[in-house]
Amino acid sequence: MNPSRRRWLWQLGAAGLVTGAVPAPSAAQTNLKDDPQDAVEDTVSRGRSLSFPRDHGAHLGTRTEWWYATGWLGTPAAPDLGFQVTFFRSRTGLGADNPSRFAPRQLLFAHAAVTALTSQRHLHDERIVRWSAAQDIRTGRAAVADTDVHIGPWRLHRDATGWQVALPARDFTLALQLAPTQPLLLQGDAGFSRKGPQEAQASHYYSAAQLQASGKAVLAGAAVTSPGRAWLDHEWSQEILHPEAVGWDWIGMNLFDGSALTAFVLRRQDGSVLWAGGSFRAAGGASSSFTPNQISMTPGRRWRSPASNASYPVQWQVDTPAGRFTVRSLMDAQELDSRASTGTIYWEGLSELLDSQGKRVGLGYLEMTGYAARLRL
């Protein structure tokens, strides 16, 4: 997962409601304590063992949490489109002393975007909802027993076959199945991932790399049904970013040989590195985590957004213990304006991974924050 990707969310105030219907929860899910009023103080600490399927579900006592799926449909040589679906949960800290079931103790957010490479279009939509114990469960919730988070008809849930995405957005629709082909990748120290120079600046974080993506994406009346590959991150944390951090750069790449590569850098105002990390796992092999001094991400060619005037490096040289790579966007205009929900503008898009000889060896997503404006936490 990217470094503390949405930790500013907890500060946001009350949000508007959306409507829609989703399938009714199972009896087992209904009996669990999904009520935000009943949230216990989940701990984020080194040495805590992750347990599944429980840790696929929500951790309502933590401040910030997200489920983040990215991928592409098509062939490795010519992908048709990229997709990004992210659900966020934020514990507001409001209403702790208020016994009312209407107190907005949790906020749920969702972002979705598609990058249509043939038509060079980037489409984005977002949702936000308050979550109190009193509201109709169909409006939105995040279940604790397993992945099942939704806002109205937007839903990400996990079943015996993998993760399912059902997302009717404003200008596109996603109906995807993301099936595991490899074991979960626990990031950092067995799922405890440092995000700053202080031990408290950490999260629990795992990835599901090399997911087999199938299903359908519909935009402008045309459907894309080619199979592809996907990546899913789930991360939860109590701690916000270090005060010197203004943004980060992050990649999650599925290599064509079955390997998986993660790298991230948190930046200070002057562009210097505050913290860095990542991991690599060869197909069928053990994962290795990178220490901050083992990662270098050097910006190259830049693209300036005509909407925000932010200048983003859309090409990077990434040096890791697993080798030197080039990351290059497949379409420059993949900026997302999410000020209507999370209050920020960032760049996130489908990119290619090249080896030291310039050969495409993988595809994945690059995310860059803090370029349009410093993240205010």
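Since the structure is predicted, the reported quantities are computational estimates derived from the model, not experimental observations. (Residues numbered from 1 in each chain as written. Predicted model: local features only at pLDDT ≥ 70, side-chain atom pairs only at ≥ 80, totals over all residues. Heavy atoms only, no water.)

### Things to note about the overall build of the protein chain
- Across its full length, the protein chain carries one helix and 26 strands.
- Only carbon and sulfur atoms are counted for the fraction: they give 52% of the accessible area of the protein chain, which is about 14200 Å². (Helix = DSSP H or I, 4+ residues; strand = E, 2+ residues; numbered from the N terminus. Areas by Shrake-Rupley, 256 points an atom, 1.4 Å probe, with all protein chains shown as cover.)

### Side note on the nonpolar core
- Counting 39 residues, the largest nonpolar core has Phe 83, Phe 87, Leu 167, Phe 172, Leu 174 and Leu 178 as the members making the most contacts within it.
- Excluding anything up to four places from it in sequence, Phe 87 contacts Glu 65, Trp 66, Trp 67, Phe 109, Ala 110, Val 149, His 150, Ile 151, Trp 154, Arg 155 and Leu 156.
- The next biggest cluster of nonpolar side chains, apart from the first, holds 26 residues, and it includes Phe 280, Ala 310, Trp 316 and Val 361. (Core = buried A, V, L, I, M, F, W, Y, C linked by side-chain atoms within 4.5 Å. Buried < 20%, exposed > 50% of the residue type's maximum accessible area, 1.4 Å probe, protein only. Contact = heavy atoms within 4.5 Å.)

### Observations concerning the pairing of strand β16 (residues 260-267)
- With eight of eight residues buried, β16 lies mostly within the body of the structure.
- Judged by which residues are buried, β16 turns out to be covered on both faces: Ala 260, Thr 262, Phe 264 and Leu 266 on one side and Leu 261, Ala 263, Val 265 and Arg 267 on the other are all buried.
- Bridge analysis of strand β15 (residues 247-255) against β16 gives eight bridges, and the strand direction is antiparallel. Across the sheet, the residue bridging to Trp 248 is Leu 266, located in β16.
- Between β15 and β16, which pair antiparallel one after the other, the connecting turn spans four residues, and Gly 258 there sits at a positive phi close to 95 degrees.
- Across eight bridges, β16 lies against strand β17 (residues 273-281) in antiparallel orientation. Paired with Thr 262 across the bridge in β17 is Ser 279.
- Where β16 folds back on β17, the antiparallel hairpin that results is connected by five residues, among which Gly 271 adopts a positive phi of roughly 90 degrees. (Pairing = 2+ DSSP bridges.)

### What to know about unusual backbone geometry
- Here the residue pair Phe 52 and Pro 53 is connected by a cis peptide bond, since its omega of 15 degrees sits within 30 degrees of zero.
- Residue position: Pro 53 is located in the loop between α1 (27-31) and β1 (64-74).
- A positive phi angle, near 55 degrees, is found at Gln 210, a position not held by glycine.
- The residue Gln 210 is located in strand β12 (residues 202-219) in this model.

### Overview of the pattern of salt bridges
- In total, this model carries 18 salt bridges according to the counting rule given.
- Close ionic contact of Glu 199 with Arg 46 constitutes a salt bridge, the shortest N to O distance being 2.9 Å. Placement of Glu 199 in the loop between β11 (192-194) and β12 and of Arg 46 in the loop between α1 and β1 is noted, with a sequence separation of 153 residues between them.
- Look at Arg 46 and you get partly exposed, because its relative accessible area is 40%.
- Across the salt bridge formed by Arg 48 and Asp 55, the nearest N and O atoms sit 3.1 Å from each other.
- Residues joined by salt bridges that share partners form a network here, namely Arg 46, Asp 189, Arg 194 and Glu 199. (Salt bridge = Lys/Arg side-chain N within 4 Å of Asp/Glu carboxyl O.)

### A word on the environment of Arg 267
- Within the secondary structure layout, Arg 267 lies in strand β16.
- Taking the C-alpha atoms as reference, Arg 267 lies 9.6 Å from Thr 369; in sequence the two are 102 residues apart.
- Within polar-contact distance, the side chain of Arg 267 engages the side chain of Tyr 371 at 3.5 Å. (Polar contact = N/O pair within 3.5 Å; in protein donor to acceptor, adjacent residues only side chain to side chain.)

### Regarding the packing of aromatic side chains
- Going through the model one piece at a time under the given rule, you end up with six aromatic pairs.
- Seen in terms of ring centroids, Tyr 68 and Trp 250 are 5.4 Å apart; in terms of plane orientation they differ by 75 degrees. Their pairing is edge-to-face. Of this pair, Tyr 68 sits in strand β1 while Trp 250 is found in strand β15, placing the two residues 182 residues apart along the sequence. In terms of burial, Tyr 68 and Trp 250 fall into one category: buried. (Phe/Tyr/Trp six-rings, centres within 6.5 Å; stacked < 30°, edge-to-face > 60°.)

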